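So the chains spell out like this:
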Amino acid sequence: MELPKKRKVEERTKDFKEFYLPFPEAKIKAQCARCMDCGVPTCHSGCPLGNLIPDWNDSVYRGQWRRAVEQLHRTNNFPEFTGRLCPAPCEEACVLGINEPPVTIEQIEKEIIEYAFNQGWIVPEPPAQRTGKTVAIVGSGPAGLACAQQLNRAGHTVTVFERDDELGGLLRYGIPDFKMEKWVIDRRLDILIQEGIRFETGIHEGVDITRDDLSKFDAVVLCSGATVLRDLPIPGSDLDGIHFAMDFLTQQNRLVAGKEVDCYGQPVITAKDKHVVVIGGGDTGSYCIGTSHRQGARGVANFELLPKPSTDRPDHQPWPYWPMRLRTSSSHEEGGTRHWQILTKAFVGEAGYVKDVITVDVEFANTDGKGPKMIEKPDSERSWPADLVLLALGFTGPESDTVVAQYELPLTPYGSIQTDGHYMTRVDGIFAAGDSHRGQSLIVWAISEGREAARCVDVYLMGGSDLPTKGEGDLPRV
Ligand SMILES: Cc1cc2nc3c(=O)[nH]c(=O)nc-3n(C[C@H](O)[C@H](O)[C@H](O)COP(=O)(O)OP(=O)(O)OC[C@H]3O[C@@H](n4cnc5c(N)ncnc54)[C@H](O)[C@@H]3O)c2cc1C
Ligand code: SF4
């Protein structure tokens, strides 16, 4: 298994550019050659899009790049996003992964799409004719964009309403540039605009447009994400210097884009020369670590409540399932310390500004036979210096003061928008997809749900659909 080399830590932490170095074609082909073209390719089902992985591995190995990108686009609208950002559940399901490192599927995906863009093969594909039906999509994250492209290709007239000043959802203002530079989104948006999709930014559904405006469309798809942030209401949480990770990351992304940073009335947040504590051990926490180092933090400590996972697969998550194992991101490689089984109890301040974080150690034990419970370890209280605290605790679900309230759409017990098996909410013609429907998830799932919902909308509008369903559309082998 070989991946491209990364830029040296000392160099890459001085800027916000992507960190992988170019990968020679011979090395990509060598990775594709490792694919065993299994009779039952478990990587297909590992990928939420059902990507036709052995097919494009074979095409690249044979030097048939054009064919490879056609195969890739059959199931995935935006491989340049997933090829950079996907945690690659396909690789955990790769048969080779049983006793060897898996095929480097995500990297191959990125190489195929970048090769195709460089060759000028990715061009707009507007529909041959229009159906006369109109669809409104709320939200321009990966779910909204995938849904829009599919519906537009089916000939419907699609308008995407986005609250932010730029399109892309969390791709634009959540994920840092060092993971994906934003020209990657703009390059794809140019294609979507030329295909005929209409985008309206700065439009807050629920405020600028309401139920009455949306009812003029033949169908509506809510792809508005799961944007309600999980808070940490403990003593001292109102001190200055304690911020949501999303505010920190958004501001840095705006800075890189040369925009105003005091958006949404937030103060400018910086990690420069500060002791930073990041609470939350997931992807968002990891991006806060990488961003803090790039801003010149004095030190970064990262807390996670759960126990440290093993680097091996746990016994209860055998191949080809997605295992909860220890993952070390590029940001973790760049410095800082990681701490597990830590519960944050309070913030202590001076002159209204956070100064220390108080924690206790915890363990998990099944004391009553009803499953593991968290127990605070006696005498384990610790105090950590902190001039900046970033809360990376995830999201609780979609906002409800929007059309969700106006239509009284039912929510699931987890707070997501409830639909039937065809992505339609209780209200006829109103659909939901992506994080707003699924709960906080992944880009690959957002694209998958956007595509699947588009097909359901097409069936709703036209009584049938030629849009593909998951994993459909193998090209014949040559
Ligand atoms: C910091 C961070 C890093 C992440 N990193 C990764 C990663 O590396 N890999 C990965 O696979 N996943 C990652 N994820 C998860 C991934 O980004 C999401 O699962 C995905 O973006 C969901 O797509 P979506 O289209 O459903 O919603 P979003 O991307 O959240 O887009 C929703 C859009 O709807 C807009 N909107 C909301 N309400 C309204 C309204 N009322 N009116 C108009 N517009 C509205 C929002 O402004 C937003 O643009 C990350 C998440 C976060 C928070
Ligand atoms: S989208 Fe993700 S899961 Fe699917 S093939 Fe690409 S890297 Fe693998």
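Residues numbered from 1 in each chain as written. Chains lettered and ligands numbered in written order. Predicted model: local features only at pLDDT ≥ 70, side-chain atom pairs only at ≥ 80, totals over all residues. Heavy atoms only, no water.

Engineer: Which parts of the structure should I look at to understand helix H9 (residues 142-153)?
Structural biologist: Because each turn of an α-helix spans 3.6 residues, side chains separated by three or four positions end up pointing in the same direction. Relative to the 16 Å expected for twelve residues at 1.5 Å per residue, H9 spans 16 Å between its end C-alpha atoms, a close match to the ideal helical length. Within H9, eleven of the twelve residues are buried, which leaves the element mostly enclosed by the surrounding structure. By the burial criterion, the buried members of H9 are Pro142, Ala143, Gly144, Leu145, Ala146, Cys147, Ala148, Gln149, Gln150, Leu151 and Asn152. The first or second residue beyond H9 is Gly155, which carries a positive phi of 100 degrees. (Helix = DSSP H or I, 4+ residues; strand = E, 2+ residues; numbered from the N terminus. Expected span 1.5 Å × (residues − 1). Buried < 20%, exposed > 50% of the residue type's maximum accessible area, 1.4 Å probe, protein only.)

Engineer: What exactly am I supposed to notice about the site of ligand 2 here?
Structural biologist: Close contacts around ligand 2 come from Cys47, Asn51, Ile53, Thr82, Cys86, Ala88, Pro89, Cys90, Ile105, Glu106, Glu109 and Val444, and that covers them all. Put simply, the parts of the chain that give the shell around ligand 2 at least two residues each are helix H7 (89-92) and helix H8 (105-119). Sort the elements by how many residues they give to the shell around ligand 2 and H8 lands first, with three residues. (Near = heavy atom within 4 Å.)

Engineer: How should I be thinking about the pairing of strand S1 (residues 134-138) in this particular structure?
Structural biologist: Each regular strand carries side chains that alternate between the two faces of the sheet. The buried fraction of S1 amounts to four of the five residues, a majority that puts the element mostly inside the structure. For S1 and strand S2 (residues 157-161), the ladder comprises five bridges, and the chain directions are parallel. By the bridge assignment for S2, Ile137 is matched with Val160. Crossover S1 to S2 through H9 is right-handed. As judged from the four bridges shared by S1 and strand S4 (residues 219-222), these two strands associate in the parallel manner. For Ile137, the partnering residue across the bridge sits in S4 and is Val221. (Pairing = 2+ DSSP bridges. Right-handed = clockwise from strand over helix to strand, strands pointing away.)

Engineer: Before we go on, may I ask you to explain the nonpolar core in this structure?
Structural biologist: As a rule of thumb, nonpolar side chains are buried together in soluble globular proteins. Among the nonpolar cores identified, the biggest contains 86 residues, and Ile112, Ile137, Leu151 and Val221 are the most heavily contacted of them. In terms of residues, this core owes the most to one element, helix H18 (residues 443-462), which gives nine residues. With sequence-adjacent residues up to four places away left out, Leu151 is seen in contact with Val135, Ile137, His156, Val158, Val221, Ala454, Val457 and Asp458. With 17 residues, the next largest nonpolar core counts Ile209, Val404, Leu409 and Ala432 among its residues. (Core = buried A, V, L, I, M, F, W, Y, C linked by side-chain atoms within 4.5 Å. Contact = heavy atoms within 4.5 Å.)

Engineer: Would you mind showing me how to read the packing of aromatic side chains here?
Structural biologist: For any two aromatic rings, the description comes down to two numbers: the centre-to-centre distance and the angle of the planes. A complete count under the given rule lists eight aromatic pairs for this structure. Both rings, one in Phe78 and one in Phe81, keep their centres 5.1 Å apart while their planes meet at 35 degrees; by these two values the pair is tilted. Using a relative accessible area of 0% as the deciding quantity, one classes Phe81 as buried. Both rings, one in Phe161 and one in Phe217, keep their centres 6.0 Å apart while their planes meet at 85 degrees; by these two values the pair is edge-to-face. Here the residue Phe161 occupies a position in strand S2, and Phe217 occupies one in the loop between helix H12 (211-214) and S4, the gap between them amounting to 56 residues. Summarising the burial analysis for this pair, Phe161 and Phe217 share the class buried. Taken together through their ring pairs, the aromatic side chains of Trp65, Tyr115 and Trp121 make up a single cluster. When the ring centre of Phe19 is taken as origin, the NZ or CZ atom of Arg12, which lies over that ring, is 5.3 Å away. We note Arg294 situated over the ring of Phe178; from NZ or CZ to the ring centre the distance is 3.9 Å. (Phe/Tyr/Trp six-rings, centres within 6.5 Å; stacked < 30°, edge-to-face > 60°. Lys NZ or Arg CZ within 6 Å of the ring centre and 35° of its normal.)

Engineer: Where do I start with the sheet that holds strand S9 (residues 337-339) in this structure?
Structural biologist: Pairing between the strands of a sheet comes from backbone hydrogen bonds, and it takes one of two forms, parallel or antiparallel. Sheet architecture is open: five strands sit in the order S6-S14-S7-S8-S9, paired in parallel fashion. Strand pairing shows two members of the sheet lacking a second neighbour, strand S6 (242-244) and S9, which therefore form its edges. Going across the sheet, the axis of each strand differs from the next one's by a mean of 20 degrees, ignoring polarity. Relative to strand S14 (residues 388-391), strand S7 (residues 275-279) runs parallel, the two sharing four bridges. Note that in S14 the partner of Val278 across the bridge is Leu390. (Axes fitted to C-alpha atoms, helices over the stretch in contact; angles between N-to-C directions.)

Engineer: Please explain the side chain of His437 as it appears in this structure.
Structural biologist: In this fold, His437 is placed in helix H17 (residues 435-438). Within the local environment of His437, its side chain forms a polar contact with the side chain of Thr419, the two groups lying 2.9 Å apart. Apart from residues lying up to four places away in sequence, His437 is in contact with Ser416, Ile417, Thr419, Tyr423, Ala432 and Glu449. (Polar contact = N/O pair within 3.5 Å; in protein donor to acceptor, adjacent residues only side chain to side chain.)

Engineer: Sorry if this is basic, but what is going on with the layout of surface pockets here?
Structural biologist: Summary: where empty space remains is shown by rolling a probe the size of a single water molecule over the atoms. As a volume, the second largest pocket reaches approximately 640 Å³. Considering the residues around the second largest pocket, the lining is formed by 28 residues, among which His73, Arg74, Glu125, Gln150 and Arg153 are closest to the centre. Sorting the residues of the lining of the second largest pocket by element identifies helix H5 (65-75), H9, helix H11 (183-195) and H18 as the ones contributing at least two each. Considering each element in turn, the lining of the second largest pocket owes the most residues, five residues, to H5. Here the lining of the second largest pocket is composed, by residue class, of nine nonpolar, nine polar and ten charged. (1 Å grid on protein atoms, 1.4 Å probe; cavity = no way out; pocket = protein on both sides within 12 Å on 5 of 7 lines; lining within 4 Å. Points joined across faces, edges and corners; volume = space filled by probe spheres on them. Nonpolar A, V, L, I, M, F, W, Y, C, P; charged D, E, K, R; others polar.)

Engineer: Help me out: how do you make sense of unusual backbone geometry in this one?
Structural biologist: Here the bond from Trp319 into Pro320 is cis, since omega is 5 degrees, no more than 30 degrees from zero. Within the secondary structure, Pro320 is located in the loop between strand S8 (299-303) and helix H15 (330-333). Notably, Gln341 is not glycine yet its phi reads approximately 55 degrees, a positive angle. Checked against the element boundaries, Gln341 lands in the loop between S9 and strand S10 (342-350). With phi around 50 degrees, Glu408 is a residue other than glycine that occupies positive phi space. Of note, Glu408 is situated in the loop between helix H16 (403-406) and strand S16 (430-432).

Engineer: How should the pattern of salt bridges be read in this particular structure?
Structural biologist: Side-chain pairs of opposite charge can arise where the charged atoms are in close proximity. Across all of its chains, the model carries 30 salt bridges by this definition. A salt bridge links Glu166 to Lys259; its shortest N-O distance comes to 2.8 Å. Placement of the pair is Glu166 in the loop between S2 and helix H10 (170-173) and Lys259 in the loop between helix H13 (245-256) and S7, with a sequence separation of 93 residues. Several salt bridges share partner residues, and in doing so they unite Lys6, Arg12, Arg294, Glu333 and Glu334 into one network. (Salt bridge = Lys/Arg side-chain N within 4 Å of Asp/Glu carboxyl O.)

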